[in-house]
Each structure stands twice: as structure tokens, then as C-alpha cells.
Amino acid sequence: MAVFPRNLSTPAGNVLIFAEGDPESAARCAADRIRFAVDAAGARRGKAVLGLATGSTPIPVYSQLVQRHREGDLKFNGVITYNLDEYYPISPRDPNSYRTFMHRHLFSQVEIVPNQTHVFDGTVPESAVSEHAEQFDRWIEADGGLDLQLLGIGRNGHIGFNEPSDLSVEQALALPSRIISLHPVTAADAARDFGGDANAVPKRALTMGIKTIFSAREILIIAFGPNKAEAVAKSIHGPVTAEVPGSLLQTISSKVTWILDEAAADLLSW
Ligand code: PGA
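Throughout, residues of each chain are indexed from 1 in the direction in which the sequence is written. Where totals are concerned, whole chains, interfaces and linings use all residues; where local detail is concerned, this predicted model gives features only for residues with pLDDT of at least 70, and gives and counts side-chain atom pairs only at 80 or more. Side-chain measures were taken over the full set of non-hydrogen atoms in the model, leaving aside hydrogen atoms and water.

## Description of the overall build of the protein chain
- Helix and strand labels come from DSSP, where a helix needs a run of H or I of at least four residues and a strand needs a run of E of at least two; each type is numbered from the N terminus. The helix and strand tally for the protein chain stands at eight helices and eleven strands.
- For 270 residues, the compact-globule estimate of 2.2 N^0.38 gives 18 Å, and the C-alpha radius of gyration of the protein chain, at 17 Å, lies within 12% of that figure.
- Seen along its three principal axes, the alpha-carbon backbone of the protein chain occupies a region of about 55 × 45 × 35 Å.
- Relative accessible area decides the class of each residue, using a 1.4 Å probe on protein chains only: under 20% of the type maximum gives buried, over 50% gives exposed, and in between gives partly exposed. In the protein chain, which comprises 270 residues, the share counted as buried stands at 54%.
- Contacts: residue pairs with any heavy atoms within 4.5 Å of one another. A separation of at least 24 residues holds for 77% of the contacts in the protein chain among residues at least 6 apart in sequence.
- Residue-level accessible areas treat just the shown protein chains as cover; the underlying method is Shrake-Rupley with a 1.4 Å probe. Of the roughly 11,800 Å² of accessible surface on the protein chain, 51% is carried by carbon and sulfur atoms. Every radius of gyration here is taken over C-alpha atoms, with the globule rule written as 2.2 Å times N^0.38, N being the number of residues.

## Focus: the environment of E131
- Structurally, E131 can be placed in helix α4 (residues 129–142).
- Take E131: its relative accessible area is 37%, and that puts it in the partly exposed class.
- For E131 and N14, which are 117 residues apart along the polypeptide, the C-alpha to C-alpha distance reads 36 Å.

## What about the packing of aromatic side chains?
- Under the pairing criterion, centres of Phe, Tyr and Trp rings, with the six-membered ring standing for Trp, must be within 6.5 Å; the plane angle then separates stacked pairs below 30 degrees from edge-to-face pairs above 60, leaving the rest tilted. Throughout the structure, instances matching the rule amount to eight aromatic pairs.
- Between the aromatic rings of F120 and F136, the centroid separation amounts to 3.8 Å while the plane-to-plane angle is 25 degrees, which identifies the pairing as stacked. Of this pair, F120 sits in the loop between β6 (117–118) and α4 while F136 sits in helix α4, and the two are 16 residues apart along the sequence. As far as burial versus exposure is concerned, F120 and F136 are alike and both buried.

## Observations regarding the sheet that holds strand β8 (residues 178–181)
- Reading across from one edge, β5-β9-β8 is the order of the three strands in this open sheet, with antiparallel pairing throughout. Every interior strand has two partners, whereas the edge strands, β5 (85–88) and β8, have only one. Adjacent strand axes in the sheet meet at a mean angle of 30 degrees when their direction is disregarded.
- Pairing between β8 and strand β9 (residues 204–207): four bridges, direction antiparallel. Criterion used throughout: strands pair if DSSP finds at least two bridges between them. Working convention: axes come from line fits to C-alpha atoms, limited for helices to the stretch in contact. Angles between N-to-C directions cover 0 to 180 degrees.

## Some points on the sheet that holds strand β4 (residues 79–83)
- Spatially, β1-β2-β11-β10-β7-β3-β4-β6 is the arrangement adopted by the eight strands of the open sheet, whose pairing is mixed. On the outer flanks of this sheet lie β1 (6–10) and β6, each paired with one strand and no other.
- Pairing geometry for β4 and β6, over two bridges, is parallel. When the sheet's bridge partners are listed, Y82 is paired in β6 with H118.

## Description of the site of the ligand
- Residues are labelled near a given molecule or strand when at least one of their non-hydrogen atoms is within 4 Å of it. Around the ligand sit G55, S56, T57, G152, I153, G154, H158, R192 and K228, and those are all the residues in its vicinity.
- Note that an oxygen atom of the ligand is positioned 2.9 Å from one of the backbone N or O atoms of S56.
- Within the contact set of the ligand, an oxygen atom lies 2.7 Å away from a side-chain nitrogen or oxygen of H158.
- In isolation the ligand offers 280 Å² of accessible surface; the protein chains occlude 81% of this area.
- In this classification, the charged set is Asp, Glu, Lys and Arg, the nonpolar set is Ala, Val, Leu, Ile, Met, Phe, Trp, Tyr, Cys and Pro, and all remaining amino acids, among them Gly, are polar. Residue composition of the shell around the ligand, grouped by class: one nonpolar, six polar and two charged. Polar contacts here mean pairs of N or O atoms no more than 3.5 Å apart (in protein, one a potential hydrogen donor and the other a potential acceptor; neighbouring residues in sequence count only if both atoms are side-chain atoms).

## Quick look at the packing of helix α2 (residues 59–70) against helix α3 (residues 98–105)
- Direction vectors running N to C along α2 and α3 enclose 40 degrees, while the axes themselves pass 10 Å from each other. Judged by the angle between their axes, α2 and α3 are oblique. Where α2 approaches α3, its residues I59, Y62 and V66 are matched on the opposing element by F101, M102 and H105.
- Looking at the contact of α2 with α3, its residues break down into five nonpolar, one polar and no charged. Any angle from 65 to 115 degrees is called roughly perpendicular, while one under 35 is roughly parallel, one over 145 is roughly antiparallel, and all others are oblique.

Following this line, the structure appears as C-alpha cells:
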């Protein structure tokens, strides 16, 4: 009988593979790592700075964090959060905004100080949007950097909304937080939240840059399901290229842990 999680050491970091249909065990593992990072940073510098992700994948992780908080096992009063991305333009009250997502799945369920939860503001004027993105990087730096960044991966290999591009690896690794145009695959996948209509998905978004994300002390990247298998395999075993942003994680592999289910790991070789 197979024993889970399987543990692989790969060019893109340590990979933990959980049984298909058991997202709860995977989510528990991610929540354990997050709790450990919060405790360790709290002990070291009196606060912990977490980079958070939205999308369907991290939802069970947030359920675990909320449960631990209710059980008194995880406190959020010294936790500062920065979210990876947000549509632009969008109202924070829009049901599809990532601010609303975070409020629903985490912020409203734990005791966290409102001005310590940072999500890009989809209402800043056009003339200030670039400055807002740069400001986000400055805030993270002023808070002493990200202790742990939680990531998902898109079917096209994107991380945050750092979409596939023809940049050189060096240029991609230097990308700061900024406004971007969504890739057609991203818009198609986001359509399920917008009544199935890809045209209703905002065309642009604010995203943490690759440089910002990769400056985190630890990165946890989670992927479930067969739709992610190709992006996962290209990221872990493929050439390092900005065409598959996930593959850039190979340049910082010692601080990366992948949490996968068997379906997402299906095209990995070992
Ligand atoms: P998902 O999105 O969790 O909804 O699959 C992940 C991503 O696009 O980063």
C-alpha cells in the first residue's frame, strides 16, 4: 500500500505528494508549516509576515487555519498579511474581489488587526496605480520581508499574476509588483467566478512581482488536480524560463516546498 505523503527532492524544491481526494491532509500539512513559520518569526522578531494567495486551492488551508485559531492553537494578533494579487479595477466590496475572498475565508474569522491585512487596492486611480504597486513592495520591505509566501499555480504556469512572457530569466527574476494584463488562459479559468463569461473578468490586475515573491524566506506552493499536472511538471523538471513562471522557482529551490495531490503530480518523473 502506498504511504502518503510521498517525499521527493527535485530541482525545484522539496515535493510532498498526497493521496488524491484527500485535500484535507495536504491542507493540514500546509497549515502546520504556516503555524510553524508564525511561531518562529513571532519568537524571533515579535511578528510574522505572511504572503497569502486566493483561488480554489488555498480554501482548505484557510479552513485549517481558522480551526486552529478557534482551538486557541494559532494567534493572529502578531500576524501581518500581504496578498499576492487583486483585479484592477475592482471594488473591495465586489463579491469577486480578492479582498472579499480573504474577508470571507480568513480575515472575518480570526482576530487580525484590519490595518495588518494588505490586499492591493483595486480602486486607486489610474494615475496612481503604478505607484500603489511600488508602495506594496516598500511596505513589505518595511515590515521586514515575507516570512512565508503561500502560492498556487495557474494552468499556464503563472504564479500570482506573473503571466508567461518572453522576458529573459534575469529580467523575470527582477520583476517588481506592478499592474499586468491577464493571460487568456487566466481569464478563461477565472470566468467560473464571473458567471462563466470570460469577457466579464477584469482585463487587468495588480500582482506581487517575481522578485517580491522570491524574497520570501520560505515558499509553499500548492496544486491539486489533473488540470495542474502539466504546469507542475514543466515547473519542476522543465527548463527555467519566463514562459513558465513556475519554473523560475528552480532558482530558489532550497526554500521551496510543493504540496501536491497525486493527480497534480502525475507527470512528474522520479
Ligand atoms: P486556483 O488558482 O487555486 O483557483 O486553481 C491558482 C492560480 O491561478 O494561481
